[in-house]
Protein chains: 4
Amino acid sequence: MCRWLAYTGEALAPSTLILDAQHSVVAMSLNSPLGAETVNGDGFGLGWYPDAAPGAEPAVFRSIEPAWHDQNLREISRAVRSPLFFAHVRAAAGPPIQQTNCHPFRHDRWLFMHNGSISGFGTYKRDLVLDVDPSLYPFIQGTTDSEVLFHLALTHGLMDDPVAGVGAAIRRVEQVGRDAGVPFPMQGTIAVSDGSTLWAFRYSTQGRSRTLFHSADVPALREMYPDAARLEAFGDRAQVVVSEPLNDLPGVFLEVPESTVAVLDPDGYHHREFLAA
Amino acid sequence: MCRWLAYTGEALAPSTLILDAQHSVVAMSLNSPLGAETVNGDGFGLGWYPDAAPGAEPAVFRSIEPAWHDQNLREISRAVRSPLFFAHVRAAAGPPIQQTNCHPFRHDRWLFMHNGSISGFGTYKRDLVLDVDPSLYPFIQGTTDSEVLFHLALTHGLMDDPVAGVGAAIRRVEQVGRDAGVPFPMQGTIAVSDGSTLWAFRYSTQGRSRTLFHSADVPALREMYPDAARLEAFGDRAQVVVSEPLNDLPGVFLEVPESTVAVLDPDGYHHREFLAA
Amino acid sequence: MCRWLAYTGEALAPSTLILDAQHSVVAMSLNSPLGAETVNGDGFGLGWYPDAAPGAEPAVFRSIEPAWHDQNLREISRAVRSPLFFAHVRAAAGPPIQQTNCHPFRHDRWLFMHNGSISGFGTYKRDLVLDVDPSLYPFIQGTTDSEVLFHLALTHGLMDDPVAGVGAAIRRVEQVGRDAGVPFPMQGTIAVSDGSTLWAFRYSTQGRSRTLFHSADVPALREMYPDAARLEAFGDRAQVVVSEPLNDLPGVFLEVPESTVAVLDPDGYHHREFLAA
Amino acid sequence: MCRWLAYTGEALAPSTLILDAQHSVVAMSLNSPLGAETVNGDGFGLGWYPDAAPGAEPAVFRSIEPAWHDQNLREISRAVRSPLFFAHVRAAAGPPIQQTNCHPFRHDRWLFMHNGSISGFGTYKRDLVLDVDPSLYPFIQGTTDSEVLFHLALTHGLMDDPVAGVGAAIRRVEQVGRDAGVPFPMQGTIAVSDGSTLWAFRYSTQGRSRTLFHSADVPALREMYPDAARLEAFGDRAQVVVSEPLNDLPGVFLEVPESTVAVLDPDGYHHREFLAA
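Residues numbered from 1 in each chain as written. Chains lettered and ligands numbered in written order. Predicted model: local features only at pLDDT ≥ 70, side-chain atom pairs only at ≥ 80, totals over all residues. Heavy atoms only, no water.

Novice: Could you clarify how one ought to interpret the state of the cysteines in this entry?
Specialist: Put plainly, a disulfide is one covalent bond tying together the sulfur atoms of two cysteines. Per the counting criterion, the structure on display carries zero disulfides over all chains. Cys102(A) supplies the cysteine sulfur nearest to Cys2(A), a cysteine that is in no disulfide, at a spacing of 9.4 Å. (Disulfide = S-S within 2.5 Å.)

So, in structure tokens, the structure goes:
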């Protein structure tokens, strides 16, 4: 339903990836060749851990305008520098279009964003919301399935163990959804971070998830493309996870497999099975 | 926290009361002499039963912009004619400022708006939301206390008996609020309509409610002010209930007493005790 | 760059054509098969002569949100009735996205909207603006080529003779544009009305104009499609001019030829050559 | 008509002054004791030279929402660090409320903002716009007197000599205004910067200008208020110019006299006569 990108590495102006790349996130807002919807014009969000304020909570800029002509997004993404940021463009299943329904969502030092949906959500939303810890309930501000999923994951321990927390939340969604007669409740790709490590999940009940790609190592890319000027913007630790490749260079973006969680930290990229049958 | 106006009578352009009156609702958005807050700039709403579409559901136009310079409100309130309409300007206790938090709220043929607040709402919101009938739960779209109150009243039979429904909802708020340690949970004035009758409530647990006024009969006013050009806009059945008087003419606006529900229908205005101790 | 629709006939809820039609204007905002751009998400406008207020100026509702999920557009287009209305969805060449750049534009009783562009406008905008009558200059509120074209047409007598006024304005654009080295300055389709007659122009300097269609006579359509339930919404005088057909029924929408002005008035539809070489 | 603040000194989070100060700019948006209008809710702007991108153009974040509840302004002003920033809250004389009418305005490395008005602007706007250099004309995007004044100053050499440029622009406004029969055309306070030096003007034709204050030296303040915790946020070179004092501490904010330009640069604060009779 949406497109997203997450970056970790040397501090970078987010504009490098969300405005200036060949198939940037802003370009995807108007035209997503691999998306479930080609237009993602129902608002956007940028969440970033500010390089200017180490240790601070991430900042979040969200808007209900389409990303493609938004002047403020251009200004802000060029002016800030961040070692870890999330960008998201939304294609809503329906109204309301409001900032509280735009990703990423934040809780303390944590950011969360999602592309996909909980199938039949309206019919069992109340049951899922009741499952959210009462102390977390007041933090739900919008009406999306994604925000409820985040708060379920927080309820199930995301801040202690993100993989276990997200896994338990998805299992709960699947259980409640199936009880409501929905055969394939969960669909999507999810990004989570605490500012140091980035977790990216690709999973759907049916095993036919939205696309997800990660970038190859920059040093390896420099060997592959010694003349690629566009690589100069990136440091050796730069890594990207994104709904679809940002450019057409072969080998730069590699698919994240189904039922996988990718982990990007100072040791680089690695992934492992997630909720596999 | 807000200002509101409700009109019933001969079909009228809402602009007559919300733009052109001496102390119009739009003027109140910038300066409310009798308001708990003087500025009501956090969005607005206009709900009207269209004269052009008898029997249809009311239409609702809501915006997050301040009313005072909103061009669309000027256009729409001048172009339509309605025999019964609600207007509301919001002063939010806090974000989010979004259309789903703007009054009036609608359910089927019913409109609802509120000025005031449920004290300490955040600490027991979850308990009140759990009280809402599960079949009504999916219709809650925003985050306000007012919208939850409306859905509680619907749960308690508002569509069959509005006075009983609103009364039961308030009693429930008071019970849950007191259990949470809040001495005076309910505060406010409320308007409800089905398109034929208008009910206006003034009540607070403490007995110190927001102000509420109703207009005197137009035929009587014509006798009092035979030269008042501004009365020409109104038919003999025109009646207004409003947070504060729309003009300075003595005798035109009369206070609705504490713990009262005012009923405006084809028989005119009358009021009776509501939730009195 | 945009899509538009104009209706004249028996008073009708605009929603019939802009929401409920098979290929409605709102549907075109997200996907325009025949458009220069497929997405028209940079705001929209609805201008209507209110049936509720005969003789009044047309009302205009404009928004910078995409039309496809806009709740207010749904509400208003269903609540009002109009014998003549304009709807427009915008695909901006660039920012700024603001209400004053949304069509239709209004002057006194006149409405104007445009799909297309003045090629190289930025390089000779100042010269065109200087050509606008100084008494009309203060009414220019936005930054679009379309609004300047409207004010040029007003300067050249649109309110006395719309065909001559629009023609003279286009000729002036072509002259100034060619002086600036632009071979094909004018491109587009234009709708103009005074509330009684509707003029629709299709013209480009190069003779390769944006598409434009008009509806066949409703009585004839009823004979062609005696079982078409969707025709029941329309009166015998209903006529539509639109950027692309609203449905797939053969014969319902006919192309307006190049270099043509179509005139829709109580005598029905007819067209004649416009600025032909 | 507005309120503004300009800061220069050690890099600082703008939130320190626009959110957290006792009488912050955001507080002034809802209540300006010394303002011509008490409410400044018609949009806002933040312009900052990013500490994260030395030598870059300033970034500008503008919005049509009231500042007081704007969540994005909170996020951005806390996340960035800047050695020189402008903040502005607008009280519009009338619509349109749009981002292109929000201050500050930018041209290359220059920022400009204004509180006040050109009296009778509508009647001679065209003459002033014609005075703008044709090469600068395309950069005018909005409809305000302030933006035209900025482009007049650019036309008259602001980028070479800001004091001469602004002075010549004001003299031109006064000449054209008086020719149009307006006795006191110019009113206001103006801030201009190139990222290194900050110029702040206080001038009106009538000699009754909007209020303007500058902060005393921080080292001197530390001696005056050795226990003032709020001073800890500021470095020794911190200087503020603002429409009205940010706190009630005597001696912290000093009035900038009438017909004066204040200059804030690495040598500190000094001012001199500007356009005195």
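Novice: How should the sheet that holds strand β1 (residues 2-12) of chain C be read in this particular structure?
Specialist: Across the sheet, seven strands lie side by side as β3-β2-β4-β1-β10-β9-β11 (chain C); this open sheet has antiparallel pairing. Single-partner strands in this sheet number two, and they are β3 (59-63) and β11 (253-255) of chain C. Averaged over all pairs of adjacent strands, the angle between their axes in this sheet comes to 15°, without regard to strand direction. As defined by bridge partners, strand β2 (residues 44-49) of chain C adjoins β3(C) across five bridges and the pair is classed as antiparallel. The residue of β3(C) that forms the bridge with Phe44(C) is Ser63(C). Where helix α3 (residues 71-79) of chain B meets the sheet, its contacts fall on β2 and β3 of chain C, and the angle it forms with β3(C) comes to roughly 145°. (Pairing = 2+ DSSP bridges. Helix = DSSP H or I, 4+ residues; strand = E, 2+ residues; numbered from the N terminus. Axes fitted to C-alpha atoms, helices over the stretch in contact; angles between N-to-C directions. Contact = heavy atoms within 4.5 Å.)

Novice: I keep staring at the relation of the copies chain A and chain D and nothing clicks. Help me out?
Specialist: One copy of the chain maps onto the second through a rotation around an axis plus a translation along that axis. You can overlay chain A on chain D at an RMSD of 0.0 Å; the transform is a turn of 180° with a shift of 0.0 Å along its axis. The operation mapping one copy onto its partner corresponds to a two-fold rotation axis. Here 100% of the contact residues of chain A are again contact residues in chain D; the copies associate through an equivalent surface. (Least-squares fit on C-alpha atoms with pLDDT ≥ 70 in both.)

Novice: Explain the sheet that holds strand β12 (residues 260-265) of chain C here, please?
Specialist: The strands making up a sheet are joined through hydrogen bonds of the backbone, oriented either antiparallel or parallel. Residues and elements named next belong to chain C. Pairing in this open sheet of six strands is antiparallel, and the strands run β5-β6-β7-β8-β12-β13 from one edge to the other. The sheet is open, and its two borders are formed by β5 (105-107) and β13 (268-273), each paired with just one other strand. Taking the axes of each pair of neighbouring strands and ignoring which way they run, one obtains an average angle of 15° across the sheet. Inspection of the sheet shows strand β6 (residues 110-118) paired to strand β7 (residues 186-193) by eight bridges, in the antiparallel sense. Within the sheet, the bridge partner assigned to Asn 115 lies in β7 and is Thr 189.

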